[in-house]
Every structure is written in C-alpha cells, then in structure tokens.
Amino acid sequence: MLGIVLALLVIVAFVLVALTAQTAGTGNTKNVVYTTRDLQARIPIDPSWLGMETVTVPRNYPGVYFTKISDVAGMVPLVGIQTGQVLTSNDVAKPSQELGAQSAFLPIPEGYVAVTIPTSEQQGVADYVQPDDYISVIATVQTAGKVASKTIFTNLHVIKVGMAGAGGNNTATSLTVVVTECQAEVITFFLGYAALKYTLESYKDYLSSTALSPDPACPNVNSATGVTVEKMRAAYPTLF
C-alpha cells in the first residue's frame, strides 16, 4: 500500500509540474499594431497604413510591441516592412533620432530640391526662424555706384535650421529651404554677388497648402539652364 501511495504522489507531482510549465509557456494575449501595407524604409508611417490585431506574447517577454497606432504614426521604418508584420521597437525610430543614412527622407515635394543658405542672428530674424516656417528673401546689390534692394523670393519652406552649438552657442548658422532647381541657381548667384537678408512670414500668410505641385516653369532638376549677369539684369532690372 505504501508503494502505491508513493507512486500516486509521484504521478500527481509530475502532472502538476507539466501543467505549470504549459501555463507558463502560453503567455498573454495582447492587442498590438501591425502593417496593412508594405512600408518602405525612411518614409514616415501614416496611421492609415496600420491596424490592430491580437497576438499571444510569451510571459516576461520584453515590451517591444506597440499597443496604440498613435504611438507609431509618424515614425520611420529602419528597414522595409512587409504587409501583415507586427511592428516592434526594433523596426522603427523617431524622425528626430540621428540615424545617419537611415533617417527619414526630407519633405521635398516632387520637382523641388533642398538648398542650404547661410544665416546669422541679424540676417535671419534673431533666430526666430524654425523648421516649417516660411521666409522671404531680400537681395541687396551694389552696381555702378548704386545700391538697390528687392525681394527675390517669397514663401520658401524652411525644413531645417542648422545650429553652431559650440560652447553652448545655439545661434543658427544655416537654413535649409525648399526651392526649384532654377531658384537654387538664382540663390547661388546672389550668394556670390549680393547680400541676402531674410524675413519671417506671419503664419497667417502661409500658403494655403504646403503640398506644392511641380512648377510649370521649372518642373524638374533638368529644367535649370544656368544663370548669367545678363539673365539677372533681365529678370531683376531694378537691381542692376
């Protein structure tokens, strides 16, 4: 009888251990974010490209999943992600993170380019210019003993402000703006032969839509034909 009791106790203990192990391995169910379309690296994620589904997560598994679509919207895929894949914190990063070649594409509309122009406290509105602001550009030219100033561009979208950052100095040293390739040539000309000053436009006067369509006069980078003094005189007669 004692042998039978001991055998039964061993069997019960074995069953309890097996059930405990099985329960521990099943994990918890969790609603997580997944992709409803293929995601390309470096393109910020639109919330319409995401969905929610329930998955089983092993117990004590690191919290690498996202449980709200709002937590992922606007983040940047580090690699290509296929449709239906559950997103983890290893797949995406915030656009502000320094990721080198993996950082997000600059918000440059089709047919436009980004160009960087120098600035300073007095030239650039006392460092009030911030990304997503719009500026106008004034050129001052001195020719034949005469000085003239004229606004040569308006509504230029600022997408980045470069800071010196040396020794605690956060004065802006450059502005990166969106222009056509033809405008980039004109700006380059004036940077060499004129003095430029920027004005910060009121947010109430910004373009009604920042989604610029290609400029018919300069639809792509191959449309730029170069600038000369003669062309500048014809385009800006009051300056020359």
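Being a predicted model, the structure only gives us computed values, none of them experimental. (Residues numbered from 1 in each chain as written. Predicted model: local features only at pLDDT ≥ 70, side-chain atom pairs only at ≥ 80, totals over all residues. Heavy atoms only, no water.)

### A word on the environment of Thr-154
(1) Moving on: Tracing the chain through its elements places Thr-154 in strand E7 (residues 146–163).
(2) Moving on: Sequence-wise, Thr-154 and Tyr-198 are 44 residues apart; in three dimensions their C-alpha atoms are separated by 9.7 Å.
(3) Moving on: When sequence neighbours within four positions are dropped, the list of residues in contact with Thr-154 reads Ile-135, Ser-136 and Glu-201. (Helix = DSSP H or I, 4+ residues; strand = E, 2+ residues; numbered from the N terminus. Contact = heavy atoms within 4.5 Å.)

### Details of the state of the cysteines
By definition, a disulfide links two cysteine residues through a covalent bond between their sulfur atoms.
(1) Moving on: What the rule picks out here adds up to one disulfide.
(2) Moving on: In this model Cys-182 forms its disulfide with Cys-218; the gap between the sulfur atoms is 2.1 Å. Torsion about the S-S bond of the Cys-182 and Cys-218 cystine: about 90°, corresponding to right-handed handedness. With Cys-182 in helix H2 (residues 181–193) and Cys-218 in the loop between strand E9 (195–200) and helix H3 (229–235), this residue pair connects regions lying 36 residues apart in the sequence.
(3) Moving on: Since its relative accessible area comes to 2%, Cys-218 is described here as buried. (Disulfide = S-S within 2.5 Å. Buried < 20%, exposed > 50% of the residue type's maximum accessible area, 1.4 Å probe, protein only.)

### Here's the deal with H2
(1) Moving on: Across its 13 residues, H2 extends 19 Å between first and last C-alpha, which sits within 8% of the 18 Å expected from 1.5 Å per residue.
(2) Moving on: For H2, the complete set of buried residues consists of Ala-184, Val-186, Ile-187, Phe-189 and Phe-190.
(3) Moving on: Buried residues in H2 make contact with strand E5 (113–118), strand E6 (134–143), E7, strand E8 (172–179), E9 and H3. (Expected span 1.5 Å × (residues − 1).)

### Overview of empty space enclosed by the protein
(1) Moving on: Tallied over the entire structure, the rule returns one cavity of 30 Å³ or more.
(2) Moving on: In this structure, the largest cavity spans a volume of roughly 50 Å³.
(3) Moving on: As for the largest cavity, its lining consists of Thr-119, Ser-120, Gly-124, Asp-127, Val-129, Val-161, Ala-172 and Leu-175.
(4) Moving on: Of the residues contributing to the lining of the largest cavity, the split by class is four nonpolar, three polar and one charged. (1 Å grid on protein atoms, 1.4 Å probe; cavity = no way out; pocket = protein on both sides within 12 Å on 5 of 7 lines; lining within 4 Å. Points joined across faces, edges and corners; volume = space filled by probe spheres on them. Nonpolar A, V, L, I, M, F, W, Y, C, P; charged D, E, K, R; others polar.)

### Points about the nonpolar core
(1) Moving on: Among the nonpolar cores identified, the biggest contains 28 residues, and Ile-135, Ile-152 and Phe-190 are the most heavily contacted of them.
(2) Moving on: Looking at this core, the elements that each hand over two or more residues are E5, E6, E7, E8, H2 and E9.
(3) Moving on: No other element matches E7, which puts six residues into this core.
(4) Moving on: Beyond its immediate chain neighbours, meaning those up to four positions away, Phe-190 contacts Ala-139, Val-141, Ile-152, Leu-196, Met-232, Tyr-236, Leu-239 and Phe-240.
(5) Moving on: Counting residues in each nonpolar core, the second largest holds 11 residues, with Leu-39, Ile-45, Leu-50 and Ile-81 among its members. (Core = buried A, V, L, I, M, F, W, Y, C linked by side-chain atoms within 4.5 Å.)

### Some remarks on the sheet that holds E5
(1) Moving on: One open sheet holds the five strands; their spatial order is E5-E8-E7-E6-E9, and the pairing between them is antiparallel. Of all the strands in the sheet, just E5 and E9 have a single pairing partner and so form its edges. In this sheet, neighbouring strand axes are inclined to one another by 45° on average, regardless of whether the strands run parallel or antiparallel.
(2) Moving on: Note: E6 against E7, nine bridges, orientation antiparallel. Paired with Val-137 across the strands is Phe-153, a residue of E7.
(3) Moving on: Where H2 meets the sheet, it contacts E5, E6, E7, E8 and E9, and its direction lies at approximately 15° from that of E5. (Pairing = 2+ DSSP bridges. Axes fitted to C-alpha atoms, helices over the stretch in contact; angles between N-to-C directions.)

### Topic: unusual backbone geometry
(1) Moving on: Despite not being glycine, Asp-132 shows a phi value in the positive range, around 80°.
(2) Moving on: The topology assignment puts Asp-132 in the loop between E5 and E6.

### Considering the side chain of Thr-180
(1) Moving on: Locating Thr-180 in the fold gives a position in the loop between E8 and H2.
(2) Moving on: Setting aside its immediate chain neighbours within four residues, Thr-180 contacts Gly-111, Tyr-112, Val-113, Asp-215 and Cys-218.

### A short note on the pairing of E6
(1) Moving on: What sits between E6 and E7 in their antiparallel hairpin is a turn of two residues, with Ala-144 showing a positive phi close to 50°.
(2) Moving on: When E6 meets E9, the two strands line up antiparallel, connected through six bridges. Note that in E9 the partner of Ile-135 across the bridge is Leu-200.

### Concerning the confidence of the model for the chain
(1) Moving on: Averaged over all residues, the pLDDT of the chain equals 84, while 80% of them reach at least 70.
(2) Moving on: The lowest-confidence element of the chain is helix H1 (residues 2–26), averaging 59 in pLDDT; the highest-confidence one is E9, averaging 96. (pLDDT = per-residue confidence, 0-100.)

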